[in-house]
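Here is how the chains run, residue by residue.
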Amino acid sequence: MRASAAVEVAPSILAADFACLGDAIRAVERGGVSLLHVDVMDGHFVPNISIGVPVVASLRKATRLQLDVHLMIENPEQYIEAFATAGADMISVHQEATPHLDRALTMVREHGCKAGAVINPATPVVMLSEVLGKVDHVLVMSVNPGFGGQAFIPEATEKIRELREIRDRHHYNYRIEVDGGIGPENVAEVVRAGAQILVAGTSIFHSADPAAAVREMAHLASEALAQRV
Ligand code: DX5
Ligand code: ZN
């Protein structure tokens, strides 16, 4: 059953030192991750600017980790091909960022990437009901997007639970991802609710030993998973 699949930790490089991204990647590789979360911000959809296509292309050359690209940009359809060509493995599009979410998700899949839909804290799960049968993952924002280092918004846990119930009821196949304010203190809560991909920036890259931080979160996740099943 999907619910018992291993939980993955996806370090968000937003919290890493951009001048030393190679070192940051090698540290989390040592911690045993298989995903790297890449936050793309345009200064319009969110009030911050981060990184874009050339950085994804460089990351692609620097690591074999799966690149999980989180688009926090207006008009995402315009950039999907570029991010796919640059080497993204997963591309997530915000429900709030486009009136054509179905088209955007289809484009992601047509370009050979796993397609994810994202919802902000103020967006209910029901806004995704028409696309849940077509997505590879659903990303629940547990902070308002735009910045690392914010506090976890606890209402996200109930959305994770709701997405898990919907998936079980309809036999859908998506994985449930959570992003924002995730650290050792709330891993058990979100994993018990049904989260399978845990995005974490600050709690990994601002720690003294990112590899150890990843291993600790993975350990807490597997303990919580064992309790859940
Ligand atoms: C927020 C980003 C997150 C962020 C998480 O807009 O989508 O991925 O990097 O950072 P922390 O773990 O510091 O909340
Ligand atoms: Zn993110």
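Thresholds applied
Residues numbered from 1 in each chain as written. Chains lettered and ligands numbered in written order. Predicted model: local features only at pLDDT ≥ 70, side-chain atom pairs only at ≥ 80, totals over all residues. Heavy atoms only, no water. Near = heavy atom within 4 Å. Polar contact = N/O pair within 3.5 Å; in protein donor to acceptor, adjacent residues only side chain to side chain. Areas by Shrake-Rupley, 256 points an atom, 1.4 Å probe, with all protein chains shown as cover. Helix = DSSP H or I, 4+ residues; strand = E, 2+ residues; numbered from the N terminus. Nonpolar A, V, L, I, M, F, W, Y, C, P; charged D, E, K, R; others polar. Donors = N, O, S within 2.8 Å, 3.2 Å for Na, K, Ca; no water. Tetrahedral: all angles 85-135°; square planar, octahedral: opposite > 155°, others 65-115°. Buried < 20%, exposed > 50% of the residue type's maximum accessible area, 1.4 Å probe, protein only. Core = buried A, V, L, I, M, F, W, Y, C linked by side-chain atoms within 4.5 Å. Contact = heavy atoms within 4.5 Å. Pairing = 2+ DSSP bridges. Right-handed = clockwise from strand over helix to strand, strands pointing away. Phe/Tyr/Trp six-rings, centres within 6.5 Å; stacked < 30°, edge-to-face > 60°. Axes fitted to C-alpha atoms, helices over the stretch in contact; angles between N-to-C directions.

S.K.: Whenever I open this one, the site of ligand 1 confuses me. Can you help?
M.R.: The environment of ligand 1 is made up of 20 residues, and the closest members are Asp39, Gly146, Asp179, Gly201 and Thr202. At 2.7 Å from an oxygen atom of ligand 1 is found a side-chain nitrogen or oxygen belonging to aspartate 179. Here an oxygen atom of ligand 1 and a backbone polar atom of glycine 181 are 2.8 Å apart. In isolation ligand 1 has 380 Å² of accessible area, and contact with the protein removes 99% of it. With three residues, strand β2 (residues 35-41) is the largest single contributor of residues to the shell around ligand 1. Residues that form the shell around ligand 1 fall into these classes: eight nonpolar, ten polar and two charged.

S.K.: Even after reading the chapter, I still don't get the coordination of the zinc ion (ligand 2), so can you show me in this structure?
M.R.: Where a metal carries four tetrahedral donors, each ideal angle is 109.5 degrees; where it carries six octahedral donors, the ideal angles are 90 or 180 degrees. Those protein atoms acting as donors to the zinc ion (ligand 2) are His37 (NE2), Asp39 (OD), His70 (ND1) and Asp179 (OD), and they sit at 2.1 to 2.3 Å. Around the zinc ion (ligand 2) sit six donor atoms; with metal-centred angles ranging over 70 to 169 degrees, the donor geometry is octahedral. The sequence pattern describing where the donors of the zinc ion (ligand 2) fall on their chain is H-x1-D-x30-H-x108-D. Like aspartate 39, histidine 37 is buried.

S.K.: Would you explain the nonpolar core in this entry?
M.R.: One broad trend across soluble globular proteins is that nonpolar side chains are buried collectively. Of all hydrophobic cores here, the largest spans 67 residues; its most connected members are Val69, Ile91, Ile182, Leu198 and Ile204. In terms of residue count, helix α8 (residues 210-228) provides more of this core than any other element does, six residues in total. Not counting residues up to four positions away in its chain, the partners in contact with leucine 198 are Val7, Glu8, Val9, Ala10, Val178, Ile182, Val187, Val190, Val191 and Ala221.

S.K.: I keep staring at the environment of alanine 226 and nothing clicks. Help me out?
M.R.: The residue alanine 226 is located in helix α8 in this model. Of the residues examined, alanine 226 reaches a relative accessible area of 57% and is grouped as exposed. Taking the C-alpha atoms as reference, alanine 226 lies 24 Å from arginine 30; in sequence the two are 196 residues apart.

S.K.: What's the story with the pairing of strand β4 (residues 90-94) in this structure? I'm lost.
M.R.: Walk down a regular strand and you will see the side chains alternate between the two sheet faces. With five of its five residues buried, β4 lies for the most part within the structure. Here β4 shows a buried face lined by Met90, Ser92 and His94 and a second buried face lined by Ile91 and Val93. Relative to β4, strand β3 (residues 66-72) runs parallel, the two sharing four bridges. Its bridge partner being in β4, histidine 70 is matched across the sheet by serine 92. For the handedness criterion, the β-α-β arrangement of β3, helix α3 (residues 80-86) and β4 is classed as right-handed.

S.K.: Looking at this model, I keep getting lost on the packing of aromatic side chains. Mind explaining?
M.R.: According to the stated counting rule, one finds one aromatic pair in the structure shown. Seen from their ring centres, tyrosine 172 and tyrosine 174 are 6.1 Å apart, and the 40 degrees between their planes marks the pair as tilted. Overall, tyrosine 172 belongs to the partly exposed group, its relative accessible area being 23%. On the basis of relative accessible area, tyrosine 174 is assigned to the buried category, the value being 0%.

S.K.: Where do I start with the environment of isoleucine 166 in this structure?
M.R.: By secondary structure assignment, the location of isoleucine 166 is in helix α5 (residues 156-170). Taking relative accessible area as the criterion, isoleucine 166 reaches 14% and is therefore assigned buried. Once residues within four sequence positions are removed from consideration, isoleucine 166 is found in contact with Val125, Leu132, Tyr172 and Tyr174.

S.K.: Would you mind going over the sheet that holds strand β1 (residues 8-11) with me for this structure?
M.R.: Pairing between the strands of a sheet is mediated by backbone hydrogen bonds and can be parallel or antiparallel. As summarised here, the arrangement of the eight strands in space is β1-β8-β7-β6-β5-β4-β3-β2, forming an open sheet in which the pairing is parallel. Among the strands making up the open sheet, the edge pair consists of β1 and β2. Across the sheet, the axes of successive neighbouring strands diverge by a mean angle of 25 degrees, strand direction being ignored. One ladder, built from three bridges, connects strand β7 (residues 175-179) with strand β8 (residues 197-200); its direction is parallel. From the neighbouring strand, glutamate 177 faces β8, where its bridge partner is isoleucine 197. Sitting on the sheet, helix α2 (residues 53-62) is in contact with β2 and β3, with an inclination near 170 degrees to β3.

S.K.: I would appreciate a short explanation of the side chain of serine 50 in the present structure.
M.R.: Positionally, serine 50 belongs in the loop between β2 and α2. For serine 50, the side chain forms a polar contact with the main-chain oxygen of aspartate 39, separated by 2.7 Å. A polar atom in the side chain of serine 50 sits 2.9 Å from the backbone nitrogen of methionine 41.

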